[in-house]
Amino acid sequence: MVNNKIQTAEENLIHVYNRFPVVLDHGKGMYLYDADGKEYLDFAAGIAVCGLGYGNEELNNALKAQIDKLCHTSNLFYHESCGEAAKELNRVSGMDRVFFTNSGTEANEGALKAARKYAYTKKTGRYEFIAMENSFHGRSFGAVSVTGHDSYREPFEPVLPGVKFARFNDLDSVKALVSDKTCAIILEPLQGEGGINLATQEFMEGIRKICDDNDILMICDEVQCGMARTGTMFAWQGFGVKPDIITMAKAIGNGIPVGAFAMTEKVAEYSLQPGDHGATYGGNPLACTAVKKVIEIFEREDIVGHVNKVGPYLAKRLDELVEEADCVTERRGKGLMQGLALSRPAGEVISRAVEEGLLVIQAEGNVLRFVPPLIVEEKHIDEMIEKLKRALA
């Protein structure tokens, strides 16, 4: 049955994803099940999306109730869930104004436009961006233009002009690129796709000072590292270094397609105005209901506290693998966003892990990426380690 379903997909889909030969059917908690009933322990969470895991009854009921009321209105009208979701998202992110999108890529597109409009309104003549090597911000033209991987950009060149790339965690390399044309610096506080690389405190503080001294905007891409994954609701809060604009998506909707970019009042005053930007489905009632309910559950269940409890245990068990397994060379990350650097192809290990009933994903440079649902317990971590050891053997 599964093979037939895979064949149907292969014959009808454009082949842009390297999919595993698994047809998933349903999920519950930390586990996913394929069409034949095989169980998989999930340490991928749909690429850091399903923070509450699968089948959360409270979230599902809220979404079902909203479906019965209204799913779409266009943005020509207000609806209750949008205002409430915006208020809550601004509160937990530390920002003042938010714009809802459908994805993280769209959120980054909006952030880039907001930064350009800020410079345009203030008549600074600035238009350039400084981004980081090994970064990932999406695959649309603007987002891929600030993505620090040649393989993502080169097939689509010429891309957006005026982008320079600095070395991550190398403040001098950033300073060397700053000019009177720089309008914004964009970075991930914890790079995901690029290999699970955590910014240093010095680097974050240094970027903030450069921006403050030169009227440059600091954009933090928290699409993957936001929503409690690193042990604070948003990663910037762990550094105490507040950006001017942040982008988010993934876990804010727990699987419902929704993203957002948010900014301080200072930026909003000089930035996007009616007609500058739009999204037909952005901020629709269903997506906003998901955002509002996810934040409610996160806070009531103290997901941040839980991450700070189990995150160190995950790091400890992964550190043990570094000591025990010859092919595991390094652990990287923070909280429940961790990586293991391997001296052998990560793809081989991931394929064997799937056979063992474990789902993990790859990051740049033969790195195994561990971004489980944030409801993970120590017993799940122990189960994952045993499955992973067999995959590494």
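Let me begin by describing the structure that accompanies this report. Please read these numbers as outputs of a predicted model, since none were measured by experiment.

Rules behind the numbers
- Residues numbered from 1 in each chain as written.
- Predicted model: local features only at pLDDT ≥ 70, side-chain atom pairs only at ≥ 80, totals over all residues.
- Heavy atoms only, no water.
- Salt bridge = Lys/Arg side-chain N within 4 Å of Asp/Glu carboxyl O.
- Core = buried A, V, L, I, M, F, W, Y, C linked by side-chain atoms within 4.5 Å.
- Buried < 20%, exposed > 50% of the residue type's maximum accessible area, 1.4 Å probe, protein only.
- Helix = DSSP H or I, 4+ residues; strand = E, 2+ residues; numbered from the N terminus.
- Contact = heavy atoms within 4.5 Å.
- Pairing = 2+ DSSP bridges.
- Axes fitted to C-alpha atoms, helices over the stretch in contact; angles between N-to-C directions.
- Parallel < 35°, antiparallel > 145°, perpendicular 65-115°, else oblique.
- Left-handed = near helix turned anticlockwise from the far one by under 90°.
- Nonpolar A, V, L, I, M, F, W, Y, C, P; charged D, E, K, R; others polar.

## Concerning the pattern of salt bridges
- Enumeration according to the criterion identifies 26 salt bridges in this entry.
- When salt bridges with common partners are traced through the structure, they connect E58, K293, E296, R300 and E301 into a single cluster.

## Quick look at the nonpolar core
- Counting 84 residues, the largest nonpolar core has F43, M132, I207, L368, M384 and L388 as its most contacted members.
- A per-element tally of this core places helix α12 (residues 285-300) first, with nine residues.
- With sequence-adjacent residues up to four places away left out, M132 is seen in contact with G148, F165, A166, R167, F168, V174, I185, I186, L187, Q191, F203 and I207.

## Side note on the environment of Q201
- One can find Q201 in helix α9 (residues 201-214).
- Residue contacts for Q201: discarding those within four places in its chain leaves G238, F239 and V241.

## Some points on the sheet that holds strand β2 (residues 31-34)
- Spatially, β1-β2-β3-β15 is the arrangement adopted by the four strands of the open sheet, whose pairing is mixed. The two strands at the open ends of the sheet, each matched to only one other strand, are β1 (24-28) and β15 (358-359).
- Summarising the sheet, strand β3 (residues 39-42) and β15 pair through two bridges and their orientation is parallel. Residue pairing in the sheet places L41 in a bridge with L358 of β15.
- The sheet strands contacting helix α15 (residues 378-392) are β2, β3 and β15, and the helix crosses β3 at an angle near 110°.

## Points about the packing of helix α13 (residues 303-324) against α15
- Relative orientation of the contacting elements α13 and α15 amounts to 20°, with a least axis distance of 10 Å. Viewed along their axes, α13 and α15 adopt a mutual orientation that is roughly parallel. The interaxial crossing formed by α13 with α15 has right-handed handedness. Contact residues: V310, Y313, L314, R317, L318, L321 and E324 in α13; E378, I381, D382, M384, I385, E386, L388, K389 and L392 in α15.
- Residues belonging to the contact of α13 with α15 are distributed by class as follows: ten nonpolar, no polar and six charged.

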